[in-house]
Amino acid sequence: MGSLKLGSKPDAFTRRGQAWFCTTGLPSDVTVEVGEMSFHLHKFPLLSKSAILGRLIEENSDQDECTIKLSDIPGGARSFELVARFCYGLKIELSPANIVHLRCAAEYLEMTEETAQDNLIHQAEIFFNQVVLRSWKDSLEALKTCDVLLPHAEDLHIAKRCVESLAAKASIDPDLFGWPVSEHGAMHSPGGSVLWNGISTGAKLGNFSSDWWYDDASSLSFPTYKRLISTMESRGAKEEIVAGSLTYYAKKCLPGLNRRQSMGLVPLNSAAATLSEEEQRHLLEDIDRMLPLQRGLISTNVLLWLLRTAMILKVNRACISNLEKRVGMQLDEATLEDLLLPNFSYTMDTLYNVECVRRILDHFLAMDQTMGGGSPCLDDVMGSPSLAPITAVAKLIDGYLAEIAPDINLKPPKFESLATALPEYARPLDDGLYRAIDVYLKAHSCLPESEREHLCRLIDCQKLSLEACTHAAQNERLPLRVVVQVLFFEQLQLRTSIAGCLMVSDNLEGSSRPLHGSGTIATSGEAGARWVTSAAVKENQALRAGMDSMRLRLAELERECSGMRQDIRKLGGAAGKDGWAVRVQRMFSLKMKLQMCSTEEGKMSDRHRTASAKLEKLQAKVSSHKKHLTIDA
């Protein structure tokens, strides 16, 4: 921190209670009262430096005891003490902590060059311009003192000059040498030792990033900090740097954002405890207005914590709406933990603020449509990079629905509204939605059958995985209609899979026939390969017999499936409870047979692939052997 020493005489001031005395050997002939403090001084040193004090002394010269009152001098008694020492030529030290006080007091007392050469105004301006403004820390320290010296510091443009100096230094690229990097990072020689004078052509800065000034700037009062940010924006500072500083300031000054202190976000600031709830509310509203409205500048979890704090502080509706829009723009980056916003309303309809999440989702869907989101085919959903955000949001919302489902106050229309907000193509699989509905049905066991069926219609049984189908087929909470649909589509998928396997088998059989009926191997004389060919043919014949058996079993399954369809048509008839039990048992029996068939199908398919690979290797060996025999001949 820079400093400048003025004067050469030893200290001659002593304090006795609320009074200061100058011990020069001469009796005091003037008393200056500044607040509760009185200064017993001499007329000549004062009037020789200050035009104001000279006029006041002259006005009171006819009194026996000359008393001057300076109730509104900037900085009060502390500033006048330094001014008085300067007038007597005593040793004083100018520093960033007192320079603003001295400069404002000197201006108030008219200590100009017309009154005396090298007067206090001149000395203070030299120190302020050549020392304070050139240093980041000195400018910051001087700017902090301006808050208690308004409007004098504004009238003299001291605060403005400090802000412009800080803004210029904070806007400098940290990868470049110069201010303010040289103050914060040590200069090292190429060998690693610190240079004693800080000068070296090969010097390199330590680790530095663009957020080096965040903590220093957060120590400013918010009006001053706001002024600094505005000046930086006018100088073309990057939006991500400005946004980072604003969120850092909010984390440090709003106690609601420090609930993750143990995770190392930002340490608690004592200033946060001094802010009233009203001040915190205005602070958050101002920060929201200052934040750039652009995706990715601030992490989604920080935005959600800002939104949570805004709800706690009950900020205006415009601020909450802006924060919801910011979260909606990057909802695909949110986590389920941060999305669980408690309901702070007095009604307490639900445990979590479902309406807020719905508005956030609407903002995301509106942005997705604006960016050209469409309704692609289901086969393209998993592989399209452009659909990755909306599929991530669908997974997040399904998880959110599963978390809020146990809330007994959550009504089916509100649950359904959030579940159906997403387009159909957003969910490649409905497993997450099925899980959420299952949790809801379990928590709301008294739900009427009609509402259960209505909720279950949200599930597309064709988009359930095998594990979800297995669980649904045994789920007693689901309506019977849904169980039947799950079994039907599972059987349909299995039938399609078996048909595809048979098609592959026919192709393999057709490709093996030329090899089996060819007389080339038998008449070419390659005795070393004949036994290999014979073994492969036998294995192929065994595979064909197995596939014929599978065809018969498939025909039997189709007959049983046909009978099941007829039973389903009769379910609405006069079947009693025992009849229902028998039919459901037959359905599950068929399901087990289908699974066994699927297992056999996989085994047969593996054996076909193994036989095909062996035949290809055999053909390669025979061709090589024939070529070798031809060369020998």
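About the criteria used
- Residues numbered from 1 in each chain as written.
- Predicted model: local features only at pLDDT ≥ 70, side-chain atom pairs only at ≥ 80, totals over all residues.
- Heavy atoms only, no water.
- Axes fitted to C-alpha atoms, helices over the stretch in contact; angles between N-to-C directions.
- Helix = DSSP H or I, 4+ residues; strand = E, 2+ residues; numbered from the N terminus.
- Parallel < 35°, antiparallel > 145°, perpendicular 65-115°, else oblique.
- Contact = heavy atoms within 4.5 Å.
- Buried < 20%, exposed > 50% of the residue type's maximum accessible area, 1.4 Å probe, protein only.
- Pairing = 2+ DSSP bridges.
- 1 Å grid on protein atoms, 1.4 Å probe; cavity = no way out; pocket = protein on both sides within 12 Å on 5 of 7 lines; lining within 4 Å.
- Points joined across faces, edges and corners; volume = space filled by probe spheres on them.
- Nonpolar A, V, L, I, M, F, W, Y, C, P; charged D, E, K, R; others polar.
- Salt bridge = Lys/Arg side-chain N within 4 Å of Asp/Glu carboxyl O.
- Phe/Tyr/Trp six-rings, centres within 6.5 Å; stacked < 30°, edge-to-face > 60°.
- Lys NZ or Arg CZ within 6 Å of the ring centre and 35° of its normal.
- Polar contact = N/O pair within 3.5 Å; in protein donor to acceptor, adjacent residues only side chain to side chain.
- Core = buried A, V, L, I, M, F, W, Y, C linked by side-chain atoms within 4.5 Å.
- Left-handed = near helix turned anticlockwise from the far one by under 90°.

A.B. asks: Honestly, the packing of helix H20 (residues 412-419) against helix H21 (residues 431-443) in this entry has me stumped. Any pointers?
C.D. replies: How two helices sit against one another is set out by the angle between their axes and by the gap between those axes. At a closest axis distance of 12 Å, the pairing of H20 and H21 adopts a crossing angle of 175°. In terms of their interaxial angle, H20 and H21 are classed as roughly antiparallel. On the side of H20, the interface is formed by Pro412, Phe415 and Ala419, while H21 contributes Leu433, Ala436, Ile437 and Tyr440.

A.B. asks: When you look at the environment of Ala436 in this model, what are you seeing that I'm missing?
C.D. replies: Inspection of the secondary structure assignment puts Ala436 in helix H21. Classification of Ala436 by relative accessible area gives buried; the value is 0%. Each C-alpha atom of the pair Ala436 and Ala419 lies 9.3 Å from the other, and the pair is 17 residues apart in sequence. Beyond its immediate sequence surroundings of up to four residues, Ala436 is in contact with Asp398, Leu401, Ala402, Ala405 and Phe415.

A.B. asks: Where do I start with the sheet that holds strand S2 (residues 13-16) in this structure?
C.D. replies: On the basis of which strands lie adjacent, the open sheet formed by 5 strands has the order S2-S3-S5-S4-S6 and mixed pairing. For this open sheet the edge positions go to S2 and strand S6 (66-69), each flanked by a neighbour on one side alone. The sheet shows a mean angle of 20° between the axes of neighbouring strands, direction not considered. Both strand S3 (residues 19-22) and strand S5 (residues 37-41) contribute to a ladder of 3 bridges, which runs parallel. Looking at S5, one finds that Phe21 is bridged to His40. Here helix H3 (residues 76-88) sits on the sheet in contact with S2, S3, strand S4 (30-34) and S5, set at roughly 10° to S5.

A.B. asks: Help me out: how do you make sense of the pairing of S2 in this one?
C.D. replies: Sheet faces and side chains relate simply in a regular strand, where the side chains alternate between the two faces. Where S2 and S3 come together, 4 bridges link them in antiparallel fashion. When the bridges of S3 are listed, Arg15 appears paired with Trp20.

A.B. asks: Mind showing me how you'd approach the layout of surface pockets here?
C.D. replies: In this approach a probe as big as a water molecule rolls over the atoms, and the regions it shows empty are the leftover space. Counted as a void, the largest pocket has a volume near 330 Å³. Within the residue set of the lining of the largest pocket, elements represented by two or more residues are helix H19 (388-404) and H21. The element best represented in the lining of the largest pocket is H19, accounting for 7 residues. Here the lining of the largest pocket is composed, by residue class, of 7 nonpolar, 3 polar and 5 charged.

A.B. asks: Help me understand the pattern of salt bridges in this model?
C.D. replies: Any two side chains of opposite charge can pair, on the condition that their charged atoms come close. Taken as a whole and assessed by the stated rule, the structure comprises 22 salt bridges. One salt bridge connects Arg103 with Glu107, and the closest N-O pair in it is separated by 2.8 Å. Note that Arg103 and Glu107 are positioned in helix H4 (residues 99-108) at a spacing of 4 residues, about one turn of the helix. For Asp438, the salt bridge is made with Arg477, and the minimal N-O distance between the two is 2.9 Å. With Asp438 in helix H21 and Arg477 in the loop between helix H23 (466-473) and helix H24 (480-517), this residue pair connects regions lying 39 residues apart in the sequence. Under the relative-accessibility criterion, Asp438 is labelled buried at 10%. Taking the relative accessible area as the measure of exposure, Arg477 reaches 30% and is therefore partly exposed. One continuous salt-bridge network, built from bridges that share partners, spans Asp11, Arg78, Glu81 and Arg85.

A.B. asks: Any chance you could explain the packing of aromatic side chains here in plain terms?
C.D. replies: Two descriptors summarise a pair of aromatic rings, namely the distance from one centre to the other and the angle between the planes of the rings. Using the criterion set out here, one finds 10 aromatic pairs in the structure. Seen from their ring centres, Phe13 and Trp20 are 6.3 Å apart, and the 45° between their planes marks the pair as tilted. The class for Phe13 is buried, based on a relative accessible area of 6%. Look at Trp20 and you get buried, because its relative accessible area is 11%. Measuring from ring centre to ring centre gives 5.6 Å for Phe222 and Tyr249, while their planes differ by 55°; the resulting arrangement is tilted. You can see Phe222 sitting in helix H11 (residues 222-234) and its partner Tyr249 sitting in helix H12 (residues 239-253), a full 27 residues away along the chain. Each member of the aromatic cluster is reached from another via a ring pair, and the members are Phe13, Trp20 and Tyr88. For Arg16, the ring lying beneath its charged end belongs to Phe21, and the centroid distance is 4.6 Å.

A.B. asks: Can you help me understand the side chain of Ser218 in this one?
C.D. replies: Mapped onto the elements, Ser218 comes out in the loop between helix H10 (214-217) and H11. Judged by relative accessible area, which is 3%, Ser218 ranks as buried. Of the polar contacts made by the side chain of Ser218, one reaches the backbone oxygen of Asp215; its length is 2.6 Å. In terms of polar contacts, Ser218 uses its side chain to reach the side chain of Lys252, at 3.2 Å. Ignoring anything within four residues of it in the chain, the contact list for Ser218 reads Tyr248, Tyr249 and Lys252.

A.B. asks: Please explain the nonpolar core as it appears in this structure.
C.D. replies: Nonpolar side chains in soluble globular proteins generally cluster together in the buried interior. One finds Leu41, Phe80, Trp213 and Leu331 to be the most contacted residues of the largest nonpolar core, which totals 152 residues. Broken down by element, the residue count for this core peaks at 9 residues, all from H19. Residues contacting Leu41, with those up to four places away along its chain left out, are Phe13, Cys22, Ser28, Asp29, Val30, Leu46, Phe80, Ala84 and Tyr88.

A.B. asks: What exactly am I supposed to notice about the packing of helix H8 (residues 158-170) against H11 here?
C.D. replies: Running from N to C, H8 and H11 point in directions that differ by 55°, and their axes come no closer than 9 Å. The pairing of H8 with H11 is recorded here as oblique in orientation. Crossing of H8 over H11 shows right-handed handedness. Of the residues in H11, those in contact with Ala159, Lys160, Val163, Glu164, Leu166, Ala167 and Ala170 of H8 are Arg227, Leu228, Thr231 and Met232. Grouping the amino acids of the contact of H8 with H11 by side-chain chemistry returns 7 nonpolar, 1 polar and 3 charged.

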